[in-house]
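Listed below are the residues making up each chain.
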Amino acid sequence: MFGYLLFFVLGVLLIGVFLYNRLVVLRVRVDNSWRQIDVQLKRRADMIPNLVEVVKGYATHERELFAKVTELRAKTTSGGSVKEVSDASNVLSGVLKSLFAVAEAYPDLKANQNFLMLQEELSGTESKIAFARQFYNDTVMNYNTTTHVFPTNLVASIFGYKAAEFFSIPEEEKEVPRVSFS
Amino acid sequence: MSLSSQIRQNVIISLILIFFMFLLIVGVGYFLDVGGEFHGVITTISLGMAIFFSLGSYLYSDKIALSITGAREASYEEFRYLHNATEGVAIAAGIPKPRVYVIDDLSPNAFATGRDPKRSAIAVTTGLLKILDRQELEGVIAHEISHIRNYDILLATIAAVLVGAVVIMRDIVLRMSFRGSSRRRGKGGGNAVVLIVGLILLILAPIFMTLIRLAISRQREFLADSTSALLTRYPEGLVQALEKLEEHKQPMRSSTEAMAHMFIVNPFSKGIDLEGLFSTHPSIASRILRLRSIRGL
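Read on for an overview of the structure. Quantities reported herein were computed from a predicted structural model and do not represent experimental measurements. (Residues numbered from 1 in each chain as written. Chains lettered and ligands numbered in written order. Predicted model: local features only at pLDDT ≥ 70, side-chain atom pairs only at ≥ 80, totals over all residues.)

## Considering the overall build of chain A
Now for step 1: Broken down by element type, chain A carries 6 helices and 0 strands.
Now for step 2: When the helices and strands of chain A are read in sequence order from the N terminus, they spell out α-α-α-α-α-α.
Now for step 3: Over its C-alpha atoms chain A spans a radius of gyration of 23 Å, topping by over 25% the 16 Å that the globule rule assigns to 182 residues.
Now for step 4: Its C-alpha atoms give chain A principal-axis dimensions of about 90 × 30 × 25 Å.
Now for step 5: When contacts within chain A are restricted to residue pairs at least 6 apart in sequence, those whose partners lie at least 24 apart make up 79%. (Helix = DSSP H or I, 4+ residues; strand = E, 2+ residues; numbered from the N terminus. Rg over C-alpha atoms; globule rule 2.2 N^0.38 Å. Contact = placed C-beta atoms within 7 Å.)

## Let's talk about the interface of chain B and chain A
Now for step 1: With 10 residues of chain B in contact, the opposing surface of chain A contributes 9 residues.
Now for step 2: Considering only residue class, the side of chain B that touches chain A consists of 4 nonpolar, 3 polar and 3 charged. (Nonpolar A, V, L, I, M, F, W, Y, C, P; charged D, E, K, R; others polar.)

## Focus on the nonpolar core
Now for step 1: Counting residues in each nonpolar core, the largest one holds 62 residues, and the members touching the most others are V89, Y101, A110, A123, V140 and I145 of chain B.
Now for step 2: In contact with V89 of chain B, other than residues within four places in its own chain, are F131 of chain A together with E138, I141, A142, I145 and L231 of chain B.
Now for step 3: Among the nonpolar cores identified, the runner-up in size contains 24 residues, and I25, A50, V173 and A205 of chain B belong to it. (Core = buried A, V, L, I, M, F, W, Y, C linked by C-beta atoms within 7 Å. Buried ≥ 20, exposed ≤ 12 C-beta atoms within 10 Å, placed from the backbone.)

## Description of the pairing of strand β4 (residues 121-125) of chain B
Residue and element names in this part refer to chain B.
Now for step 1: The buried fraction of β4 is high, at 5 of 5 residues.
Now for step 2: Neither face of β4 is exposed, since A121, A123 and T125 on one face and I122 and V124 on the opposite face are all buried.
Now for step 3: The pairing of strand β2 (residues 99-103) with β4 spans 5 bridges and is parallel. In the strand pairing of β4, I103 is matched with T125. (Pairing = 2+ DSSP bridges.)

## Remarks on the packing of helix α1 (residues 2-56) of chain A against helix α5 (residues 113-148) of chain A
Residues and elements named next belong to chain A.
Now for step 1: The interhelical angle for the contact between α1 and α5, taken along N-to-C directions, is 160°, at an axis separation of 9 Å. As summarised for this structure, α1 and α5 are arranged roughly antiparallel, according to the angle between their axes. The way α1 lies across α5 gives a crossing that is left-handed.
Now for step 2: Within the contact of α1 with α5, the residues separate by chemical class into 18 nonpolar, 10 polar and 8 charged. (Axes fitted to C-alpha atoms, helices over the stretch in contact; angles between N-to-C directions. Parallel < 35°, antiparallel > 145°, perpendicular 65-115°, else oblique. Left-handed = near helix turned anticlockwise from the far one by under 90°.)

## Notes on the pairing of strand β3 (residues 110-113) of chain B
Residue and element names in this part refer to chain B.
Now for step 1: Covered by surrounding structure in β3 are A110 and A112 together with F111 and T113, the residues of both alternating faces.
Now for step 2: Summarising the sheet, β3 and β4 pair through 4 bridges and their orientation is antiparallel. What sits directly across from T113, in β4, is A121.

## Let's talk about the sheet that holds strand β1 (residues 72-73) of chain B
Residues and elements named next belong to chain B.
Now for step 1: The 4 strands are arranged β1-β2-β4-β3 in an open sheet whose pairing can be described as mixed. Two strands bound the open sheet, and with one partner strand each, they are β1 and β3.
Now for step 2: In this fold helix α3 (residues 61-68) packs onto β2, β3 and β4, with an angle of close to 155° to the strand it touches most, β3.

## Quick notes on α3 of chain B
Residues and elements named next belong to chain B.
Now for step 1: Within the span of α3, buried status applies to S61, D62, A65 and L66. Buried residues of α3, viewed axially, fall in a sector of 115°; they line one side. Away from its buried face, by an angle of more than 90 degrees, α3 presents the exposed residues K63 and S67.
Now for step 2: G70 lies just past α3 and shows a positive phi near 65°. (Arc of directions from axis to C-beta.)

Here it is, written out as structure tokens:
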């Protein structure tokens, strides 16, 4: 009788260890994929001062737009919760789109080699951010599902593994956001 | 069908096919053992030799493929666009960015190589870059990255090893039975029937194995297509790319038949695109049909 009980307890413990390890692996994956987003956000932030510098030389009237871009840039890199960073990043994506839309009105700027290169780099980075966000959200979904299903939820609640936050997706993914600067 | 169930189905079918290959080899070996009292020696020797012969082409798969096709490393300055697209899709797939190569060839095509995600490379032809827009290119690159992520090079090598092993087995046994025929004559008749069945199986096995191997190759193409859709979340990009590849089809200058299965579309197919038992790729039409049938994740 005692032997059976011992086997039972050992079995439960083993399963517990297995589930715990699974949680840890998934959590590490979420953290890793977040770092991927972070790398791309930093990359974009590094390009922005150059872009503003180049555009400033031609479009002198867009001072407010420049101020807004610079302010948002600081927000995306200063850290904070997933929600704060993702919201700031989404707004910045929209404002950058407007910046490129404004640039359309300046033929000299559009002919500038430096500007063209920055434009390709930024749009490349924007799409990398989108891919990194998709990967991150997939890993979060995997992790969150695991923390919610039985019996992993018991292990998760004992060790304090809480659900992770999704990276918010812009409301109008495909549409150019309308940002007014009047 | 939903995307995830399509992917699961493709994986299961290719695993079943590989299992059949193992079954065939073990089955033939069994008949020979019972009939000829070889006790698995021939099966083991053949498998060992086949593994030995394939080891080089597996370990150096990337170098061999890249040098045969005359691919050159794409510089970041010249192919910014290609590099950005590749890095983006690699992020979505959660693997390190593969090395990027271009092949100076007007025939639009692409392939992936390398035995694991850390040592992988993808190569695209200049003809491909010329005709595809960004979303189509991302679809094609996602297809190639899917081959890497699904370890298709490893699977193709395993399939090749199994085919090779059966061929070696056939050669050893046929040679032995000619030489040893006088010595063996007069032995008990019960085993002779089994041995003859084994021999017939052995002679037919390489053909069956080749057919299964090609079926696996076609299955992995379907799998890479659906994984590509999962990565880009936009199957229509790959559909349009495949349509364009079909439209601008022309034979590639530098490639070999042995590499045909690695490309996104068969580099040698001309004329009508038919799918048969001996093709390495499913027909473009059926691939497009499957991509279009995806309903939700």
